[in-house]
Amino acid sequence: MSGHMNLTLKVWRQKNTQTAGKFVTYKAEGISPDMSFLEMLDVVNESLIKKQEDPIHFDHDCREGICGMCSLYINGRPHGPKRAITTCQLHMRSFSDGETITIEPWRSAAFPIVKDLATDRSAFDRIQQAGGFISVNTGGVPDANSTLIPKVIADEAFNSATCIGCGACVAACKNASAMLFTSAKITQLGLLPQGQPERWSRVQAMVNQMDEEGFGNCTNTGACEAECPKEITLMNISRMNNDFFSAELFREEHTHDGGGNG
């Protein structure tokens, strides 16, 4: 057991949205520093199952940092103490032997708790469905490649598209705002020529859906950018706001001149 760690876990346990939750203390013993955080939870769950106790419920899928499922609030930070990684990429060597680790779910009214650490993030899906698509038929690969796009624009669109929709931005924000997620999904399409036909209707539909879901507003604290595992920047929110106000302007012009740019 040399080099292994013994830890104390304070885990949020909650049966469902309708019931009250509480922290429950567990011991995680003989943990290898090379384990991922989710592997450590697997070990704890195996011991709970052997004792015929209910295992800790948490979301996970790819365990490679690309699916956005592993939504754990660890010691007061989304995805734990390291920057630009997801929980599944967090290793136990980031903690010390004997340390107490507090594990919570994302806290947002728009992310209701399913059970324990698992939350319902389908609000993100509905925001995406409201306008996160294009209608232009780009044809095959040669046709698409014939549309020249400046590298700086392509890079910005790609950077925005790296958003995995984990919800860390919402969890980190004191207002539980989803503006970083929404703006990234709007920007990745709005910067490209294929995304222009729906540019104005897209931003209005997605922002309106975001508000309907009950997310808070942005007050430029910057916690979302600081905790995003894919390092999505606040510049996306600026672009979204610009497009949103432009869309309102174009709609007003269309109302008054009977045509125009709307």
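- The protein chain has the name Succinate dehydrogenase/fumarate reductase iron-sulfur subunit in an unreviewed UniProt entry, where Mucilaginibacter conchicola is given as its organism.
- Per UniProt, the protein chain carries the Sequence similarities (unreviewed entry) text "Belongs to the succinate dehydrogenase/fumarate reductase iron-sulfur protein family."

### Regarding the domain arrangement of the protein chain
The figure often quoted for interface size is the accessible area lost as the parts come together.
In step 1: You can read the domains of the protein chain as domain 1 (5-104) and domain 2 (120-137 + 145-249).
In step 2: If you average the C-alpha positions of domain 1 and of domain 2, the two centres end up 29 Å apart.
In step 3: With 15 residues of domain 1 at the interface, the matching set in domain 2 holds 14 residues.
In step 4: Where domain 1 abuts domain 2, roughly 1100 Å² becomes buried across the two surfaces, and 48% of that area is made up of carbon and sulfur atoms.
In step 5: For the salt bridge of Asp-59 with Arg-121, the shortest nitrogen-to-oxygen distance reads 3.3 Å.
In step 6: One can count seven residue pairs in polar contact (both at pLDDT 80 or more) joining domain 1 with domain 2.

### Points about helix α1 (residues 37-50)
In step 1: With 14 residues, α1 extends 20 Å between its outermost C-alpha atoms, agreeing within 8% with the 20 Å of an ideal straight helix rising 1.5 Å per residue.
In step 2: Residues Phe-37, Leu-38, Met-40, Leu-41, Val-44, Asn-45 and Leu-48 constitute the buried set of α1. Buried residues along α1 cover an arc of 150° about the axis, so they all sit on one side. Exposed residues lying more than 90 degrees from the buried face of α1 are Ile-49 and Lys-50.

Calculation notes
Residues numbered from 1 in each chain as written. Predicted model: local features only at pLDDT ≥ 70, side-chain atom pairs only at ≥ 80, totals over all residues. Heavy atoms only, no water. UniProt positions renumbered as here; feature names shortened; annotations may be inferred. Domains from an automatic or database assignment. Contact = heavy atoms within 4.5 Å. Buried area = accessible area lost by both parts, 1.4 Å probe. Salt bridge = Lys/Arg side-chain N within 4 Å of Asp/Glu carboxyl O. Polar contact = N/O pair within 3.5 Å; in protein donor to acceptor, adjacent residues only side chain to side chain. Helix = DSSP H or I, 4+ residues; strand = E, 2+ residues; numbered from the N terminus. Expected span 1.5 Å × (residues − 1). Buried < 20%, exposed > 50% of the residue type's maximum accessible area, 1.4 Å probe, protein only. Arc of directions from axis to C-beta.

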